[in-house]
Amino acid sequence: MTFVSDQLRKEFDTPEAMLFLQHFYRDLIFWITPIDLSATASLMRSAYSSNPRGRKPHDPADMLRCMLLFTKLGLSVDDGVVALRTTPVYAIVCGFKPGETPGVGTFYDFFPRLWRASTPHKTGRVKRRLKKPRKKGKKNEKQEPKNPKITEKLVSRILREGKIHYAPKEHDLLQQLFQSLFVLPSAAKGLLGDTRSFRVIGDGSPVETGARSYGKFLCDCRKSGNWKCSCKRQFSDPDADWGWDSYREKYYYGRTLYMFTAADSPYNLPVYPRLFRASQHDSVSWICGYRELRHWYSDWKVGEALLDSAHDALPIYTMLEHDDVSAIIDLNLRRSGHTVYNEMKIGSDGVPVCPIGRKMVCWGKCSGRQRIKWRCPAKVGKWECPTPCSPSDYGRTFYTSTADNPRLFPRIRRDSKEWRKRYALRTGVERCIKRQKVDYNLEASRGRSSRHWNIRVYLIAMCQHADAWLEEAKKQKQLVSVEQWLEGLAAA
């Protein structure tokens, strides 16, 4: 702060210059200066040599702040370097003196330090070409997993293991920076809701890569007229594969961005962005990402999970019940017809249906037994049933319990106002993804490696938190003029 204050006063030393700074750069200054990146050097210590040779490297906090500025302004590295050299304000707020900013090569040397792998890719670049699926999917329906019982197998293994076993990932350092510098401060400000009963939303969205799916030919088959050979090729993005975009009704080549978002956040803030294979079903992505989420935020207690119908699988309900998490999951319309349970039909909303096709009436919960009581609609409504199924004057009663079938009978009834109120919060994850893909133009960079896409996704997620901090400061009327702010820093 002292450096920024001194440099701004030195660069803008006239009333006219200060007025120019106030008019054009006030929001940017108050957006970037509250971001505390002092812990960056300690978190990235392992990425630097303990015995450096040659010139001392730039402070990683300043480098990360520059990358955040580039992301906020929508600049590439090349354009961002030019902006740092031609706009003194950008250099100063990033921690550099005007004229002493890093070059393009310095930033490209910084990217591998954020990626815990020797290559930008997770797999080898030489492999056989993936064929585009011929079978077209359906509108607003996710692509079915190749293994229909994959969710059951994954959940069985997770429950059998008991404790969370986390294998190191290439993006771990990015998650550590994101969690320590942005998520936890947002939680401390109360922008993520109650972390002692954290409500999380999960959903996936397609992200197209800038690479081609054809690859580069390494054989001479084309000389003999064979253009459809099965020989191995070289790919610029070997981790990408084919997935189904149910909204646009087309296949795309790239990845799936699966976002975990705080349901109680007024700004729809992300807590754990994750990139999976494009062909992976959302239910599988949730199972894998949910366990990783619990590893990273082990001090938080997940109390509720809000998911769409793509996650409507009994193993997911079973896993959530095992972790004492309330499941708010929409039923899959293709599977939501009448289901028989204890010789009683159950409707798509979880309400028992009597033999003549009338919905039974909820008669409250049984205290101490965690089950719901349902009564005959004829006896409650005081009308005559043509074919009564019980000779009792009280009428037939039926009980449903979450422990018996958490999918059909969740903790909160699907036909209740409380269910509709809570499920309405699920759209927060769609707005969060919209911020990534539309407001920050995630796919505009046309990246061609897993390292590029992970860094870009995490930088945008960091900017989302910084945007929320600025909006919160505006709501609380904590923003003053730049000149008053500089005078306050000088007095301090």
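Residues numbered from 1 in each chain as written. Predicted model: local features only at pLDDT ≥ 70, side-chain atom pairs only at ≥ 80, totals over all residues. Heavy atoms only, no water.

So, on to the overall build of the protein chain. Per the secondary structure count, the protein chain includes 16 helices and 15 strands. Oriented by its inertia axes, the alpha-carbon framework of the protein chain measures out at about 90 × 75 × 40 Å. Evaluated residue by residue, the protein chain yields a buried proportion of 49% over its 492 residues. If you take every contact in the protein chain between residues at least 6 apart in sequence, the share linking residues at least 24 apart comes to 70%. Accessible surface, the protein chain as shown: approximately 25,400 Å² in total, 49% of it carbon and sulfur. The distance from the centre of the 84 positive side-chain charges to the centre of the 53 negative ones in the protein chain is 7 Å. (Helix = DSSP H or I, 4+ residues; strand = E, 2+ residues; numbered from the N terminus. Buried < 20%, exposed > 50% of the residue type's maximum accessible area, 1.4 Å probe, protein only. Contact = heavy atoms within 4.5 Å. Areas by Shrake-Rupley, 256 points an atom, 1.4 Å probe, with all protein chains shown as cover. Lys, Arg positive; Asp, Glu negative; His and termini not counted. Charge placed at Lys NZ, Arg CZ, Asp CG, Glu CD.)

Here three strands make up an open sheet; going across it, the order is 13-14-15 and the pairing antiparallel. Pairing within the sheet leaves two strands with one partner each, and these edge strands are strand 13 (361-366) and strand 15 (397-401). Shown here is a sheet whose adjacent strand axes are inclined to one another by a mean of 30°, direction ignored. In terms of strand pairing, strand 14 (residues 371-375) meets strand 15 through five bridges, oriented antiparallel. Opposite K373, over in strand 15, you have Y399 as the bridge partner. (Pairing = 2+ DSSP bridges. Axes fitted to C-alpha atoms, helices over the stretch in contact; angles between N-to-C directions.)

A few words on the domain arrangement of the protein chain. Parsing the protein chain into structural domains produces domain 1 (1-114), domain 2 (126-217 + 230-330 + 419-447) and domain 3 (351-409). Overall, the association of domain 1 and domain 2 removes approximately 890 Å² of surface from exposure, summing both partners, and the carbon and sulfur fraction of that is 76%. Put simply, domain 1 and domain 2 have zero salt bridges between them. Connecting domain 1 to domain 2 are zero residue pairs in polar contact (both at pLDDT 80 or more). Listed by contribution, the elements that provide at least two residues to the side of domain 1 that touches domain 2 are helix 3 (40-43) and helix 4 (60-73). By residue number, the principal contributor to the side of domain 1 that touches domain 2 is helix 4, which donates four residues. Tallied by class, residues from the side of domain 1 that touches domain 2 come to eight nonpolar, two polar and three charged. (Domains from an automatic or database assignment. Buried area = accessible area lost by both parts, 1.4 Å probe. Salt bridge = Lys/Arg side-chain N within 4 Å of Asp/Glu carboxyl O. Polar contact = N/O pair within 3.5 Å; in protein donor to acceptor, adjacent residues only side chain to side chain. Nonpolar A, V, L, I, M, F, W, Y, C, P; charged D, E, K, R; others polar.)

According to the stated counting rule, one finds 19 aromatic pairs in the structure shown. Residues Y166 and W296 carry aromatic rings whose centres are separated by 5.7 Å and whose planes lie at 75° to one another, so their mutual orientation is edge-to-face. Of this pair, Y166 sits in the loop between helix 8 (150-161) and helix 9 (172-188) while W296 sits in helix 10 (residues 282-296), and the two are 130 residues apart along the sequence. Between Y341 and F409, the aromatic rings sit 5.0 Å apart at their centres with planes inclined by 65°, giving edge-to-face as the arrangement. Placement of the pair is Y341 in strand 10 (residues 339-341) and F409 in the loop between strand 15 and helix 13 (417-423), with a sequence separation of 68 residues. Relative accessible area serves as the criterion here: at 12%, Y341 is assigned to the buried category. In textbook terms, an aromatic cluster arises when at least three aromatic residues are bridged by ring pairs, as seen for Y258, F260, Y272, W286 and Y290. (Phe/Tyr/Trp six-rings, centres within 6.5 Å; stacked < 30°, edge-to-face > 60°.)

Our next topic: the packing of helix 2 (residues 15-32) against helix 4. When two helices pack together, their arrangement is given by the angle between the helix axes and the distance between those axes. Across the interface, helix 2 lies against helix 4 with an axial gap of 12 Å and an inter-helix angle of 135°. In terms of orientation, helix 2 and helix 4 fall into the oblique class. Of the two possible hands of crossing, helix 2 and helix 4 adopt the one that is right-handed. Taken together, the residues of helix 4 that come into contact with helix 2 (itself represented by L28, W31 and I32) are R65, L68, L69 and K72. Looking at the contact of helix 2 with helix 4 residue by residue, the class counts come to five nonpolar, no polar and two charged. (Parallel < 35°, antiparallel > 145°, perpendicular 65-115°, else oblique. Left-handed = near helix turned anticlockwise from the far one by under 90°.)

Side-chain pairs of opposite charge can arise where the charged atoms are in close proximity. For the coordinates displayed, the defined rule picks out 26 salt bridges. For R255, the salt bridge goes to D237, with nearest N and O atoms at 2.6 Å. Here R255 is found in strand 6 (residues 250-262), whereas its partner D237 is found in the loop between strand 4 (233-234) and strand 5 (241-245), with 18 residues between them in sequence. Residue classification places R255 among the buried positions, given a relative accessible area of 5%. The class for D237 is buried, based on a relative accessible area of 1%.

The next thing to look at is the sheet that holds strand 3 (residues 216-217). Within the open sheet, the three strands sit side by side as 1-4-3. Their pairing is antiparallel. Taken across any chain shown, the strands that pair with only one partner, and hence form the sheet edges, are strand 1 (126-127) and strand 3. Note: strand 3 against strand 4, two bridges, orientation antiparallel. Opposite F217, over in strand 4, you have R233 as the bridge partner.

What follows is about the side chain of S205. Residue placement: S205 occurs in strand 2 (residues 198-208). What makes S205 buried here is its relative accessible area of 12%. Within the structure, S205 has its side chain in polar contact with the side chain of K437 (distance 3.0 Å).

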